[in-house]
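Coordinate inspection notes
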There are 2 protein chains.
Amino acid sequence: MPRPTLWRSIADTLRGELAAGQYRPGDRLPTEAQLAARFGVNRHTVRQALASLAEAGHVHARRGAGVFVTARPTEYPLGRRVRFHQNLAAGGQAAERRMLSLVRRAALYRSVFPEARLPGILAALEAEASVTRALARVGVADFTRAETRLTAKLATPTQALHLRIRPGAPILRSVALNVGPGGQPVELGRTWFAGERVTLTVTPD
Amino acid sequence: MPRPTLWRSIADTLRGELAAGQYRPGDRLPTEAQLAARFGVNRHTVRQALASLAEAGHVHARRGAGVFVTARPTEYPLGRRVRFHQNLAAGGQAAERRMLSLVRRAALYRSVFPEARLPGILAALEAEASVTRALARVGVADFTRAETRLTAKLATPTQALHLRIRPGAPILRSVALNVGPGGQPVELGRTWFAGERVTLTVTPD
DNA sequence: GATATATATTTGTATAGTTGTATAATAATT
DNA sequence: AATTATTATACAACTATACAAATATATATC
């Protein structure tokens, strides 16, 4: 059993996204620099993860061009019972943006925006550092928290790195649904908190 | 009172320099090797000092990069109803009567009642199975939830036994403060949920 | 349109430095 | 004598930086 290192957990994440069909055969993966920013690690750490995927035959790199998903994935040694599910893109989940690289505090977040309902949201997010300001740019002047779901999880190595806690430490996952004035959902924000250092307080008010 | 050891005095020195503003939040400390040279000790002794500073949240280390001074955010303004704040291990519990009762489902709870303010509450609890009815017996006809605090923890073996999960699994701890009509606290209830099986949903209203 | 040419991107390689972990040995304390 | 603190050494994992090599893309030129 291999020790859980950073590059291994990154490789696992990418392998999972490949298996889920998030990248199709022949597709180009994000550049090493982009992946490094996404996971908040050095480019070499991503390279090690990619190297392990390449060794397993899942991807192959072309110098100067990029890293590509192998057309015919090699035989899965587990047999014919192994099936992978397509990632069912639920309604309006076209645009997804990760801002891991920007956050270096006691919380991690990832947001999903309905691009069909909010045209130009991606460009606005590129320009603005704040989600609120980006939403204002595309016409959503105000939004309120419609629902917050909370659950406890264990920190993955990558989460642990960014939250400055040890892997396996308890984290608090918050999934918040924000809606606009008309009640239409405008953002689905996931936030992870270091459970040992943070307390969430809910007051009726 | 901790014994005065080498690493403790080194930690004290560094903590003093941090407090004096010699290193600002975000700054990188000298490398462990440099600190070891400065104090004339082995690198491991410095590491022990740094570890204690890290545990206290003053610094955090990034493998390969260095040791950095932590910037501690104090509050997370996520909305009017939801606030996150640091868990400062504020003790200060008054004389309490404890009653442990266990539910054979996915949650454990333990309540604290102010006996001085609610004479006879113990007897009422003995007689009644419901906390609400017991409170009604001692004159608290109605009470409302004034505040709920949530945090993630790891299950102790005992909790794991009752929640039917494995020790070390993530659990969600909820501390709810219930107040009577006049705003006086009548119950402090702690509940543990199996984080892997339970999701708490917070909705306005 | 075709073809060079320049420029920016992207992967490959090399080197050095830093923290994390493991093991063992030595000195100090009780 | 036994436990704890400190030292010593070696290696693993990750970061930082720089540069080379191949590719992609736009631009200019014919």
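Preceding this paragraph is the structure being described.
Summary of the structure given here.

About the criteria used
- Residues numbered from 1 in each chain as written.
- Chains lettered and ligands numbered in written order.
- Predicted model: local features only at pLDDT ≥ 70, side-chain atom pairs only at ≥ 80, totals over all residues.
- Heavy atoms only, no water.
- Helix = DSSP H or I, 4+ residues; strand = E, 2+ residues; numbered from the N terminus.
- Buried < 20%, exposed > 50% of the residue type's maximum accessible area, 1.4 Å probe, protein only.
- Contact = heavy atoms within 4.5 Å.
- Areas by Shrake-Rupley, 256 points an atom, 1.4 Å probe, with all protein chains shown as cover.
- Near = heavy atom within 4 Å.
- Polar contact = N/O pair within 3.5 Å; in protein donor to acceptor, adjacent residues only side chain to side chain.
- Nonpolar A, V, L, I, M, F, W, Y, C, P; charged D, E, K, R; others polar.
- Arc of directions from axis to C-beta.

A word on the overall build of chain A. Looking only at helices and strands, one finds six helices and eight strands in chain A. Overall, chain A shows an N-to-C arrangement of helices and strands of α-α-α-β-β-β-β-α-α-β-α-β-β-β. When the 205 residues of chain A are sorted by exposure, 41% land in the buried category. Taking as baseline every contact in chain A between residues at least 6 positions apart, the subset at least 24 positions apart corresponds to 54%. When the accessible surface of chain A is summed, it comes to about 11400 Å², and 52% of that surface belongs to carbon and sulfur atoms.

Taken together, 24 residues sit near DNA strand C, with Arg43 and His44 of chain A together with Arg43, His44 and Arg47 of chain B positioned nearest. Atoms of DNA strand C within 4 Å of the protein belong to the sugar or the phosphate in 64% of instances, the rest to bases. For DNA strand C, a sugar or linking oxygen lies 2.8 Å from a polar atom in the side chain of Arg63 of chain B. Contributions of two or more residues to the surface near DNA strand C are made by helix 3 (43-55), strand 1 (59-62) and strand 2 (66-69) of chain A together with helix 3 (43-55), strand 1 (59-62) and strand 2 (66-69) of chain B. Its residues placed into classes, the surface near DNA strand C shows four nonpolar, eight polar and twelve charged.

We now examine the environment of Pro30 of chain A. Relative to the helices and strands, Pro30 of chain A resides in the loop between helix 1 (6-19) and helix 2 (32-39). Here the alpha-carbon distance between Pro30 of chain A and Phe68 of chain A, two residues 38 residues apart in the chain, equals 9.2 Å.

Looking now at the environment of Val41 of chain A. All names here are of chain A. Mapped onto the elements of the fold, Val41 is located in the loop between helix 2 and helix 3. The class of Val41 is buried, set by a relative accessible area of 14%. Residues Val41 and Ile10, 31 residues apart in the sequence, show an inter-C-alpha distance of 9.9 Å. In this structure, Val41 is in contact with Leu6, Ile10, Ala36, Val46 and Leu161, ignoring residues within four places of it in sequence.

Next up on the list: the protein's contact with DNA strand D. With respect to spatial proximity, 24 residues lie near DNA strand D, and among them Thr45 and Arg63 of chain A together with Leu6, Thr45 and Arg63 of chain B are the closest. Here the atoms of DNA strand D within 4 Å of the protein split so that 79% fall in sugar or phosphate, with bases taking the remainder. Between DNA strand D and His44 of chain A, the relevant distance is 3.0 Å, taken from a base oxygen to a side-chain nitrogen or oxygen of the residue. At the level of secondary structure, the elements contributing two or more residues to the surface near DNA strand D comprise helix 1 and helix 3 of chain A together with helix 1 (6-19) and helix 3 of chain B. Counted by class, the surface near DNA strand D contains eight nonpolar, ten polar and six charged residues.

All names here are of chain B. Taken together, the buried positions of helix 2 (residues 32-39) are occupied by Glu32, Leu35 and Ala36. Along the axis of helix 2, the buried residues cluster in a sector spanning 100°; they form a single face. Counted as exposed and oriented over 90 degrees from the buried face of helix 2: Ala33 and Ala37. Turning to helix 2, the residues buried within the fold contact helix 1 and helix 3. Where helix 2 ends, the next residue or the one after it, Gly40, has phi of about 70°, a positive value.

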